[in-house]
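Secondary and tertiary structure notes
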Amino acid sequence: MKKERKAKAEKPQLSPLEKKKKIKSGILYWVILNLGVLLTALGVFLFKGPNNFATGGVSGIAIIIARFTANIPFLTQPVLNLILNFLLLIVGFIFLGKGCTFKTAYCSIMYTLEMYAMEWIMRGLGMEQLSALNTLTNEKFLEFVYAMLTTSIGAAILFNCNASSGGTDIVALVIKKYTKMDIGKAMFITDLLIAASTFFIFDTTTGLFSILGLFFKSFLVDGVIESIGKSKFVTIITSKPQEIAPFILEGIHRSYTSYSATGGYTGEARTVMLTVCNRSEALKLKIKINRIDPAAFVILTDTNEIMGKGFRSSI
């Protein structure tokens, strides 16, 4: 009995190819995760902070609080971000579990360090600290567009990695977990009050930009997440399945499902092959099928999210 239990507990051994793919996938995951953090930090430091675009999130709260703590040197925006993120990480640990909290904690720390690094680089280059009186371009609308693009794309990348830069993103993830609400709508609910408060704390123009940015970010995040997660569902109707199958298995390293069918017009026997792959793999497969069986009928359908081995493994 003990041996049987031990055998059941043992994990299946991965082949050298599977191990190599797993290592590459892990490295790529952390590279993409850090890219999301960097884009978010750049957007806040270069555009959102100096223009007081408080479109929500901890960065928005920090921008508002910094207005009242300008005379306290150590309470800078990065420090305020760190304090607020720490409090919300506790909430994340309770409701989202250790996995998400670890990644979110990592992103929060990296985000703060990158903000400090940007301040240090600016001082090293002899440049003045960016502020409402000294923005990057002095073109408010242009800076608004770049603020929303960089922070929204950064947030979407992090959400796609099942992480976040912390802050009210954690609240949005909690709402998503316990409801059927999209991330963008959840973020909109949690950030609306923060953006609305800028009308009273700063000025009408800043308030209008902040509200507009809130709408812009909510919809852009959902759009970017769908674009990142988009794959191709491929249906192949062919008379040469034995020649196409090896390329699916070895050429693009995917699996497939097949079944027999009969042509309604010709009455001839055909095989229907179903597979799912990313966009670049779908292009390779389409070209290969055209070479093997020019008469094959191929249907490519966009899919926004795939659950299963080789794709997203959890919600």
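Above this text you will find the structure in question.
Regarding a nonpolar patch on the surface
Together, I83, F86, L87, I90, F93, I94, F95 and Y178 make up an exposed nonpolar region whose accessible area comes to about 850 Å². Top element by residues in the nonpolar patch is helix α4 (residues 77-96). It accounts for seven residues. Here F86 falls in the exposed class, since its relative accessible area comes to 53%.

A few points about the packing of aromatic side chains
Applying the stated criterion across every chain, the model contains eight aromatic pairs. Note on W30 and Y106: the rings are 5.2 Å apart at their centroids and 85° apart in plane angle, and the pair reads as edge-to-face. Of this pair, W30 sits in helix α2 (residues 16-51) while Y106 sits in helix α5 (residues 98-124), and the two are 76 residues apart along the sequence. By relative accessible area, which is 32% here, W30 ends up partly exposed.

Details of the sheet that holds strand β3 (residues 269-277)
One open sheet holds the four strands; their spatial order is β2-β3-β1-β4, and the pairing between them is antiparallel. Here the strands that pair on one side only, and so sit at the sheet edges, are β2 (257-262) and β4 (297-303). Averaged over all neighbouring strand pairs, the angle between strand axes comes to 20°, with direction disregarded. Bridge count for strand β1 (residues 231-238) against β4 is seven bridges, and the pairing is antiparallel. Bridging from a neighbouring strand, T235 pairs with I299 of β4. Packed on one face of the sheet, helix α12 (residues 279-292) meets β1, β3 and β4 and runs near 15° to β1.

The rules behind these values
- Residues numbered from 1 in each chain as written.
- Predicted model: local features only at pLDDT ≥ 70, side-chain atom pairs only at ≥ 80, totals over all residues.
- Heavy atoms only, no water.
- Patch = residues over 30% accessible without salt bridge, like charges linked within 9 Å, V, L, I, M, F, W, Y side chains within 5 Å.
- Areas by Shrake-Rupley, 256 points an atom, 1.4 Å probe, with all protein chains shown as cover.
- Salt bridge = Lys/Arg side-chain N within 4 Å of Asp/Glu carboxyl O.
- Helix = DSSP H or I, 4+ residues; strand = E, 2+ residues; numbered from the N terminus.
- Buried < 20%, exposed > 50% of the residue type's maximum accessible area, 1.4 Å probe, protein only.
- Phe/Tyr/Trp six-rings, centres within 6.5 Å; stacked < 30°, edge-to-face > 60°.
- Pairing = 2+ DSSP bridges.
- Axes fitted to C-alpha atoms, helices over the stretch in contact; angles between N-to-C directions.
- Contact = heavy atoms within 4.5 Å.

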